[in-house]
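Residue strings, one per chain:
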Amino acid sequence: MSVYITGIGIISAIGFDVQENYFSLKEKKSGIEKIKLLPFENDILAGEVKLSNDELIRKFNLKHSPYSRTSLLGIAAATEAWGNNFLTDELRTGMVSATSVGGMDNTENYYRQVLENENADVSLILTHDSGSTTEKIARHLKITGYINTLSTACSSSANAIMLGARLIEQNKLDRVLVGGSDSLTRFTIKGFNSLMIYDNQWCKPFDENRNGLNLGEGAAFLLLENESSIRITKNKIYCRISGWHNAADAFHQTASSPDGKGATLAMKQAIEKAGIASRDISYINAHGTGTKNNDASESTAMKNIFENNIPAFSSTKAFTGHTLAAAGAIEAVYSVLAIMNDVVFPNINFTQPITETKLVPQTEFKKINNVNSVLSNSFGFGGNNTSLVFTKN
Amino acid sequence: MYYITAASTISHQPTFRNKSFSKNISTLAAGSVLIRPDYKELISSDMLRRMSEIIRMSISCAMDCFHQAEIKQPDAIVVGTGLGCLFDTEKFLASIITIKQGLIPPTSFIQSTHNTIAGQISLLLGNHNYNMTHTQNTISFEHAVLDACLNLDEGKENVLVGGVDEFIRPLNNIANQLGYKNIQFTSGSSFFVLSKMKNDKCKTQIRSAITFTFIESFTDCLTRYLGEIKLDKKEIDLVLFSFSDEDAKVSIEKYFSETVLLNYQNYSGTYFANSAFAVHLAIDILEAGDFKMNGSPTELVKVSRILICNNLNPKNLGLTIVESIEA
């Protein structure tokens, strides 16, 4: 059973909707700047969404506070992806979202108040758990029934897309809104700093002199439908999701294996699932975080699969920052845009290939003939590796 | 059908490697503590040192499951956890707030992500298969079970699935501040192997599971579900349930007026994934074939099919049916 993509929505450091994101990618306009909105953190380069919580709350006319920023970003992207669709008893509708921080922004404020013996606002803690983040988004769109959240660090929303596709393939749902959301928090900024992999300059994915990642925030959602759903909704088909695979690297809690075992397995099986050969892949949206470890391991894995015929590939993280649990969905939307417009996106900040692997990413925005199939990689802590394949319908 | 070829639980009850525990457990006393196995017998001591309780419990149960099911590598590892690795999350949160200058140790950050649990199991086994973590507050475990069943439907043979959450002290303060009274927070971990094939020792199976979010009528959901799986409520011998508001309790008692009901929270204590405890309790009761628990007023009843009805969060509902294979 084919799984069609008929809706996309996104909010990131490079735009508040799909069109703005596409424009920024085309114009090579990065959204990574010094932090302005997140309190307590200065002089840190990150991909902030340039809207405050209050602005987001007003924009979507929200009540029933408190909201975590993760929910607010999720509502923005999910609303765009859902578009003018309406609920009907004829269709089994569900939602799978993903987040790694959930309501950690509010939890940080609550916990600081507790530790500093201020009068703590306990209502803030009600947004802590990841599931409540998803419920707030679903509630906004009035989706009920199967509502689920995955949390597998940086591969989370790629897994949400995969689970949604599987639920449709196994005929458990007719349509499902899938994606993920994460906001910038002190927790993650300090966390990646403590691991010494936060670059205090602009990140340089796949460059020999890369020195770590810049975090970002954002959300993206995609509407997946089966054929009987499309007969009712009459939605236009953007493309299909045709392949997916999740594999454990089983090497280290945070580091990727030097031979790229998990990444290789994820890519290989996803391509197989799509029923195509590796030479049919037109473009790879790589995970490419800009850390020494990831980019070396991912390059090795790409060579394992494609040998000397590596298709055009790029990491878009130097635009958005690494948006953690949202990254898979944000990059899935970019993959869909690549297919819809027959384009490949640039890998900015690249000057010198990695000595060992010598791979040169796509550095210019470029129209090419027939972008038929796009591979998108998302790799996370715990060795959680997921690859997705999107195919022109 | 999804055969249950292994079940293992660490909880505040003597559940670990203790078959027929359902015959001997009583409702939790105030101030009860987690009954830990000797972790050193199960996990090497240098690994143990770095592990929080949630990881220790999970790995111990997972290893026990592989032993019972006589498998070395599961084809998928699926975990449901409502709040994830709370101990390390709280520890890192406290560090970033209190350490104003200088380096913050990264270990608790590394171990704070929800998927540390499933990830550590894969790492320990060198397992490269499907590895997933579901976190949908009180119905995280049911979502993990649904994913495990999906994996079996897709052709996998053996899937490890677990539900686990850990208690940390700040939970008590938060509950007090939120005005919740008389909640006994506990830790617990239950893991199972679900299989396509049954082995000689296998006596129980999961018939099906379902989740509902933003429920309006508890009984409508039940009626719809039982209709979908073509089961009459009279065919259910025992209902294990949890609830957090009295109205729900009244409506479930009314709905199952002719069935024996048991509030499993009185045995497991409260944690987000405690419906996994209830599933193991159900398996243990089914293997015994009849049921009469300490402190429960009912007479001995024959049991071959049990419904676990998880309404711990009033807006969510998780339903799981566990039955004897002969049923």
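These notes cover the structure that comes with them.

Reading guide: rules and limits
Sequence order as written defines residue numbering, which begins from 1 separately in each chain. Whichever chain is written first becomes A and whichever ligand is written first becomes 1, with later ones labelled in order. pLDDT decides what is reported in this predicted model: residues at 70 or higher carry local features, side-chain atom pairs at 80 or more are listed and counted, and totals for whole chains, interfaces and linings draw on all residues regardless. Excluded from the side-chain calculation are hydrogens and water; included are all heavy atoms of the structure. Going along the chain from the N terminus, every DSSP run of H or I of four or more residues is numbered as a helix, and every run of E of two or more is numbered as a strand. Only C-alpha atoms enter the radius of gyration, while the globule expectation follows 2.2 Å times N to the 0.38, with N the number of residues. Throughout this description, buried means an accessible area under 20% of the type-specific maximum (1.4 Å probe, protein chains only), exposed means over 50%, and partly exposed covers the range between. By definition in these notes, contact holds between two residues if any of their heavy atoms fall within 4.5 Å. Only the protein chains shown count as cover for residues, with accessible areas throughout obtained via the Shrake-Rupley method and a probe of 1.4 Å. In this charge count, Lys and Arg are treated as positive and Asp and Glu as negative; neither His nor the chain ends contribute. A charge is said to be at NZ when it belongs to Lys, at CZ for Arg, at CG for Asp and at CD for Glu. Put simply, buried area is the surface a 1.4 Å probe can reach on two separate parts but cannot reach once they are joined, added for both. Any carboxyl oxygen of Asp or Glu that lies within 4 Å of a side-chain nitrogen of Lys or Arg is treated as forming a salt bridge with it. In the analysis that follows, any N or O atom pair within 3.5 Å is treated as a polar contact, provided that within protein one partner can donate a hydrogen and the other can accept it, and provided that, for residues neighboring in sequence, both atoms belong to side chains. Residues are grouped as follows: Ala, Val, Leu, Ile, Met, Phe, Trp, Tyr, Cys and Pro are nonpolar; Asp, Glu, Lys and Arg are charged; all remaining types, including Gly, are polar. One fewer than the residue count of a helix, multiplied by 1.5 Å, yields its expected span. Whether two aromatic rings pair depends on their centres lying within 6.5 Å, for rings of Phe, Tyr and Trp, where Trp uses its six-membered ring; planes under 30 degrees apart make the pair stacked, over 60 edge-to-face, and the rest tilted. Cation placement over rings: the criterion is NZ of Lys or CZ of Arg within 6 Å of the ring centroid and within 35° of the ring normal. Strand pairing requires that DSSP identify at least two bridges connecting the strands. Directions from the helix axis toward the C-beta atoms define the arc. Each axis is a line fitted through C-alpha atoms, taken for helices only over the stretch in contact, and angles between the N-to-C directions span 0 to 180 degrees. The cut-offs work like this: below 35 degrees is roughly parallel, past 145 is roughly antiparallel, 65 to 115 is roughly perpendicular, and the gaps in between are oblique.

### Some remarks on the overall build of chain B
Helices and strands together make up the secondary structure of chain B, namely 12 helices and 12 strands. The C-alpha atoms of chain B give 19 Å as radius of gyration, which agrees with the globular expectation for 327 residues (20 Å, within 12%). Projecting the C-alpha coordinates of chain B onto the three principal axes gives extents of approximately 65 × 45 × 35 Å. Burial statistics for chain B: of 327 residues in total, 62% are counted as buried. Long-range pairs, those at least 24 residues apart, make up 72% of the contacts in chain B between residues at least 6 apart in sequence. Working note: accessible area of chain B is about 12,800 Å², and carbon and sulfur atoms make up 49% of it. Taken together, the 29 basic and 34 acidic charged side chains of chain B have centroids lying 4 Å from each other.

### Observations concerning the interface of chain B and chain A
Opposite the 54 residues of chain B that make contact, chain A presents 62 residues. Taken over both partners, the interface formed by chain B and chain A buries close to 4,900 Å², and the fraction arising from carbon and sulfur atoms is 63%. In terms of surface lost to chain A, no three residues of chain B exceed F109, H128 and F214 of chain B, which account for 15% of the buried area on that side. With a closest N to O distance of 2.8 Å, E154 of chain B and R166 of chain A form a salt bridge. At the junction of chain B with chain A, the criterion picks out 23 residue pairs in polar contact (both at pLDDT 80 or more). In terms of residue count, helix α4 (residues 86-98) of chain B provides more of the side of chain B that touches chain A than any other element does, eight residues in total. Broken down by class, the residue content of the side of chain B that touches chain A amounts to 21 nonpolar, 27 polar and six charged.

### Details of the side chain of S52 of chain B
All names here are of chain B. Mapped onto the fold, S52 is located in the loop between α2 (45-50) and α3 (53-69). Judged by its relative accessible area of 5%, S52 falls in the buried class. If sequence neighbours within four positions are ignored, S52 has contacts with F87, D88 and E166.

### Comments concerning helix α3 (residues 69-82) of chain A
Each α-helix turn comprises 3.6 residues. Residues three or four places apart therefore point the same way. All names here are of chain A. Given a rise of 1.5 Å per residue, 14 residues ought to cover 20 Å, and the 20 Å separating the end C-alpha atoms of α3 matches this to within 8%. α3 sits mainly inside the fold: 12 of its 14 residues count as buried. Among the residues of α3, those classed as buried are R69, T70, S71, L72, L73, G74, I75, A76, A77, A78, A81 and W82. G83 sits one or two residues past α3 and shows a positive phi near 55°.

### Overview of the environment of A69 of chain B
All names here are of chain B. Within the secondary structure, A69 is located in helix α3. Remark: the alpha-carbon pair of A69 and C202, spanning 133 residues in sequence, is separated by 8.9 Å. With residues near it in sequence (within four places) discarded, A69 still touches T5, A6, V193 and N199.

### Regarding the packing of aromatic side chains
Per the stated rule, a full pass over the model turns up 15 aromatic pairs over all chains. Residues Y22 of chain A and F345 of chain A carry aromatic rings whose centres are separated by 6.2 Å and whose planes lie at 85° to one another, so their mutual orientation is edge-to-face. Of this pair, Y22 of chain A sits in helix α1 (residues 18-26) while F345 of chain A sits in the loop between β11 (343-344) and β12 (366-367), and the two are 323 residues apart along the sequence. With respect to class, Y22 of chain A is no different from F345 of chain A; both count as buried. Three or more aromatic residues joined by ring pairs make a cluster, and in this case those are Y22, Y283, Y334, F345 and F365 of chain A. Of note, K136 of chain A hangs over the ring of Y67 of chain A, and the distance from its end group to the ring centre comes to 5.0 Å. Note that K233 of chain B overlies the ring of Y255 of chain B, its terminal NZ or CZ placed 4.1 Å from the centroid.

### As for the pairing of strand β8 (residues 239-248) of chain A
All names here are of chain A. With eight of 10 residues buried, β8 is to be regarded as a mostly interior element. Bridging between β8 and strand β14 (residues 384-391) involves eight bridges; their strand directions are antiparallel. Directly across from A247, in β14, lies its bridge partner N385.

### Some details on the environment of A158 of chain A
With respect to the element layout, A158 of chain A can be found in helix α6 (residues 156-169). Taking the C-alpha atoms as reference, A158 of chain A lies 31 Å from S123 of chain A; in sequence the two are 35 residues apart.

### Some remarks on α1 of chain A
Residues and elements named next belong to chain A. Residues of α1 that are buried: V18, N21, Y22, S24 and L25. Within α1, the buried residues cover an arc of 165° as seen down the axis, which keeps them to one side. Near the N-terminus of α1, the side chain that reaches the backbone nitrogen of Q19, with its oxygen 3.3 Å away, is that of D17. Within two residues after α1, K28 carries a phi angle of roughly 55°, on the positive side.

### Some remarks on the pairing of β14 of chain A
A regular strand places its side chains so that they alternate between the two faces of the sheet. Residues and elements named next belong to chain A. For β14, the buried fraction is high: eight of the eight residues fall into the buried class. Looking at chain direction, strand β13 (residues 373-380) and β14 are connected through eight bridges and run antiparallel. Across the sheet, the residue bridging to N377 is S387, located in β14. In sequence, β13 turns back onto β14 through a hairpin of three residues, with G382 there showing a positive phi of about 75°.

### Some words on the packing of helix α7 (residues 186-194) of chain A against α4 of chain B
Close contact between α7 of chain A and α4 of chain B brings their axes to 10 Å; oriented N to C, the two are set at 85°. Classified by the angle between their axes, α7 of chain A and α4 of chain B sit roughly perpendicular to one another. Touching R186, F187, K190, G191 and S194 of chain A of α7 of chain A are T89, F92, L93, I96 and I97 of chain B, all from α4 of chain B. Within the contact of α7 of chain A with α4 of chain B, the residues separate by chemical class into five nonpolar, three polar and two charged.

### Quick word on unusual backbone geometry
If you check the backbone angles, S20 of chain B has positive phi at about 65° while not being a glycine. Along the polypeptide, S20 of chain B turns up in the loop between β1 (2-10) and α1 (39-42).

### Some words on the side chain of D129 of chain A
By the element assignment, D129 of chain A lies in the loop between α4 (104-115) and α5 (130-141). It is K315 of chain B that comes nearest to the buried, bridge-free D129 of chain A among opposite-charge side chains, at 7.1 Å. When residues no more than four places from it in sequence are discounted, the contact partners of D129 of chain A are G82, L83 and N137 of chain B.

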